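Summary of the model geometry
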Amino acid sequence: MAPESASLATPSFDATRRKLIVGVVITTLIAFAIVIISLARGGRPDPPALRAIATLLDGHWQFHTGDDPRWAAPDMDATGWQTIDMTALPGSHDGDVGLPDYVGGWAAHGHRGYHGYAWYRRAVTVPAGHASWVILGPTMVEDGYELYWNGKLLGGSGRLGPHPRLVGTRPLLFALPADAAGTRGVLAVRTYMLARASYSAAGGGMHSTPILAPKPTGIALHRAHWERTIAGYIVDAIEPLAMLALVGLALWCWRRSSHKGFLVFVCIALALVAERRLNNAIVSWTDLESLKTYSWLASVMWVPTMATWVLAWNRWCVRPWRSIDALAVVLAVVGIIGVFVHSAMMTSVCRLGSLALFVVIGARVVRSGPMRGLALVTLAAILAALFGGELFDPIGVPGIWFPFGIGVSRTQYIYAIAIPLLAFLIVRTLDFRGNATTSDSRLLRQPDAA
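Being a predicted model, the structure only gives us computed values, none of them experimental.

Procedures and definitions
Residues numbered from 1 in each chain as written. Predicted model: local features only at pLDDT ≥ 70, side-chain atom pairs only at ≥ 80, totals over all residues. Heavy atoms only, no water. Helix = DSSP H or I, 4+ residues; strand = E, 2+ residues; numbered from the N terminus. Buried < 20%, exposed > 50% of the residue type's maximum accessible area, 1.4 Å probe, protein only. Contact = heavy atoms within 4.5 Å. Areas by Shrake-Rupley, 256 points an atom, 1.4 Å probe, with all protein chains shown as cover. Lys, Arg positive; Asp, Glu negative; His and termini not counted. Charge placed at Lys NZ, Arg CZ, Asp CG, Glu CD. Salt bridge = Lys/Arg side-chain N within 4 Å of Asp/Glu carboxyl O.

**Comments concerning the overall build of the protein**
- Along its length, the protein carries 12 helices and 14 strands.
- Each of the three principal axes of the protein carries a C-alpha extent, and together these read 95 × 45 × 35 Å.
- Within the span of the protein, comprising 450 residues, buried residues form 49% of the whole.
- In the protein, once contacts between residues fewer than 6 apart in sequence are set aside, the share between residues at least 24 apart is 80%.
- Total accessible area computed for the protein in this model is approximately 20,600 Å², and 65% of it derives from carbon and sulfur atoms.
- Charge-centre separation for the protein: the mean point of 38 positive side chains lies 10 Å from the mean point of 28 negative side chains.

**Here we look at the pattern of salt bridges**
- The final tally for this structure, using the stated rule, is 15 salt bridges.
- Residues Asp325 and Arg315 are paired through a salt bridge, measuring 2.7 Å at the closest nitrogen-oxygen approach. Here Asp325, found in helix 7 (residues 322-340), pairs with Arg315, found in the loop between helix 6 (291-314) and helix 7; they are 10 residues apart in sequence, far enough to count as distant. Just as Asp325 is buried, Arg315 falls in that class too.
- Put simply, Arg410 and Asp393 hold a salt bridge, and the shortest N to O gap is 3.0 Å. Of this pair, Arg410 sits in helix 11 (residues 410-428) while Asp393 sits in the loop between helix 10 (388-391) and strand 13 (400-401), and the two are 17 residues apart along the sequence.
- We classify Arg410 as buried; its relative accessible area is 10%.
- Using a relative accessible area of 47% as the deciding quantity, one classes Asp393 as partly exposed.
- Where salt bridges share partners, they join Asp46, Arg51, Asp101 and Arg228 into one cluster.

**Regarding the environment of Ala274**
- Residue position: Ala274 is located in helix 5 (residues 260-285).
- The buried category is assigned to Ala274, whose relative accessible area is 3%.
- Considering only alpha carbons, one finds Ala274 and Leu241, 33 residues apart in sequence, at a separation of 7.3 Å.
- Among all residues touching Ala274, those that are not within four sequence positions of it are Pro240, Met243 and Leu244.

Function cannot be inferred from these measures alone, as they are strictly geometric.
Printed below as a string of structure tokens:
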């Protein structure tokens, strides 16, 4: 009777699997459409009519490292301050999101390696003819700032002071005093940069300048800048949601899967990757997470993520090897220690050792793994996402592309391929015949001793 019931269940099983695959395809296409529309909208330049009314406050600024609240005063003697040119080259943009009007920071003006406080000042003439004027804050600052008009604090990004709390810089709008129209004042920007493990040749301070505009124009430009900022990190929001949806799919499939151990660790790995990727959007769109927290998570999260992927793929093979599990855990410990002691050698050992384990697992998949074609392609996509620096940097593959003028990272492209592949693989592990539902647990109880 068992074979007969299994054969009777097969048509229903095949129909369920087809429906799941169709659902994955439709969901993927919808996600792609959302991303493309967002990139296309965000990548548009500021409306020329608005920029014609507004004034980009580029040109010469006075600059001084250090910190003194009196430097915000309009009558402060700035003799001896450095004069720097904040004029952007035509078509310049930052190398991450693609924000326009990009200029080099204080490192490009003789202060490479400096971190901490620095001030920018310049005189600004506010035209008459409009009742209300606003300042659009600089959208690219390392790492936080305060904006002053004639010594009065208008606002800023993050919280400065003895114990600064820095957050991602995003489009901000500041109202000038009601009597500013038709006057000349001093705009001062107090900036703060966190310490870095390494310093770029163009880092530090402002990378774009404020914009002066009548209030209605400023509000419209602010909206356009937000569209660009949202587009810059839309993939970092969509892909983690897709990964969490994969976790739900894996949990739903788990009882009927022939690879229960694989799905357990895949769920953990996907949750870790989703958290790491979503942090990019959180820190760029909100003040919920400080840059210190973001940096700490970025430096640590890759270690358990990589180890969990090794443990997952080791369980895709017919029998997981205990030696691979043990080495994955040891390498993870080495990686964590390397992060905390800032050892590049230990970090490299962890990454290259983990890559070697993946190569061994890939060889096992080719030799004896089920669904070897789909599994191998999916494993290759995961490897490309985890080891982009080791695999692609040496051959000159760019880390970021700019479709529609908005930066999309190499890793984001790879996950866009890996996520649906993994979904197909999870669905393919479904087995409704009853005799395969216990095979994975049986193999887990008797792992290969290699």
